Amino acid sequence: MTDRDWYDDTDDQAAARRAYRAARTGWAAIAGVTGALGCALIAGAVVFALAVVACLYVVVG
């Protein structure tokens with residue numbers, strides 16, 4: 001501790017870099033999960049639409 005000056009903020013800069021990296025990773029995870037849920041929602045809508053068409057085919061045919 002004695003070999004560093006009073007204005008040395010290396011630790012603060014390292015903590016800021018770690019916080020920025022953690023925030024970026026968190027937002028990437030949120031975006032990934034949101035994208036996966038969006039794809040699942042679209043796939044579910046397609047399956048539902050196919051089921052409706054199949055039921056109509058059975059009822060009408």
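Here the residue numbering is sequential within each chain, running from 1 through the sequence in written order. Totals for whole chains, interfaces and linings use every residue, but because this is a predicted model, local features are given only for residues with pLDDT of at least 70 and side-chain atom pairs only at 80 or more, for both listing and counting. Hydrogens and water are ignored here; the side-chain numbers use all heavy atoms of the structure.

Student: Where do I start with the overall build of the protein in this structure?
Tutor: Note on conventions: DSSP H or I runs of at least 4 residues are helices, E runs of at least 2 residues are strands, and numbering of each starts at the N terminus. Within the protein one finds one helix and zero strands. Computed over the C-alpha atoms, the radius of gyration of the protein is 27 Å, more than 25% above the 10 Å expected from 2.2 N^0.38 for a compact globule of 61 residues. In terms of principal-axis extent, the alpha carbons of the protein reach across some 90 × 10 × 5 Å. Buried, partly exposed and exposed residues are distinguished by accessible area as a fraction of the type maximum, computed with a 1.4 Å probe on protein chains only: under 20%, between the cut-offs, and over 50%, respectively. Per-residue burial for the protein yields a buried fraction of 0% across its 61 residues. Counted as positive: Lys and Arg. Counted as negative: Asp and Glu, with His and the chain ends omitted from the count. By convention, the charge on Lys lies at NZ, on Arg at CZ, on Asp at CG and on Glu at CD. Each charge class in the protein can be summarised by its mean position, and for the 5 positive and 6 negative side chains these summaries are 13 Å apart. Here the globule rule reads 2.2 Å times residues to the power 0.38, and the radius of gyration is calculated from C-alpha atoms.

Student: Looking at this structure, how should I read a nonpolar patch on the surface?
Tutor: A residue counts toward a patch only above 30% relative accessible area and without a salt bridge, and it is joined to like-charged neighbours within 9 Å or, for Val, Leu, Ile, Met, Phe, Trp and Tyr, to nonpolar neighbours within 5 Å. Method for areas: the Shrake-Rupley scheme with a 1.4 Å probe, in which residue coverage is limited to the protein chains shown. Take a side-chain nitrogen of Lys or Arg and a carboxyl oxygen of Asp or Glu: if they are within 4 Å of each other, that pair is a salt bridge. A contiguous nonpolar patch, built from Phe 48, Val 52, Leu 56, Val 59 and Val 60 and spanning about 550 Å² of accessible area, is present on the exposed surface. Tracing the chain through its elements places Phe 48 in helix 1 (residues 10-60). Accessibility expressed as a relative area gives 60% for Phe 48, which makes it exposed.

Student: Please clarify how the environment of Ile 42 should be interpreted in this entry.
Tutor: If you trace the backbone, Ile 42 turns up in helix 1. Residue Ile 42 is classed as exposed on the basis of its relative accessible area of 57%. Along the sequence, Ile 42 and Trp 6 sit 36 residues apart, while their C-alpha atoms lie 57 Å from each other.

Student: Please clarify how a positive patch on the surface should be interpreted in this entry.
Tutor: A contiguous patch of positive charge on the surface is contributed by Arg 17, Arg 18, Arg 21 and Arg 24. Along the chain, the position of Arg 24 falls in helix 1. Given the relative accessible area of 47%, Arg 24 is considered partly exposed.

Student: Help me understand the environment of Ala 23, please; the structure alone is not making it clear to me.
Tutor: Secondary-structure assignment places Ala 23 in helix 1. Separated by 20 residues in sequence, Ala 23 and Asp 3 have C-alpha atoms that sit 32 Å apart.

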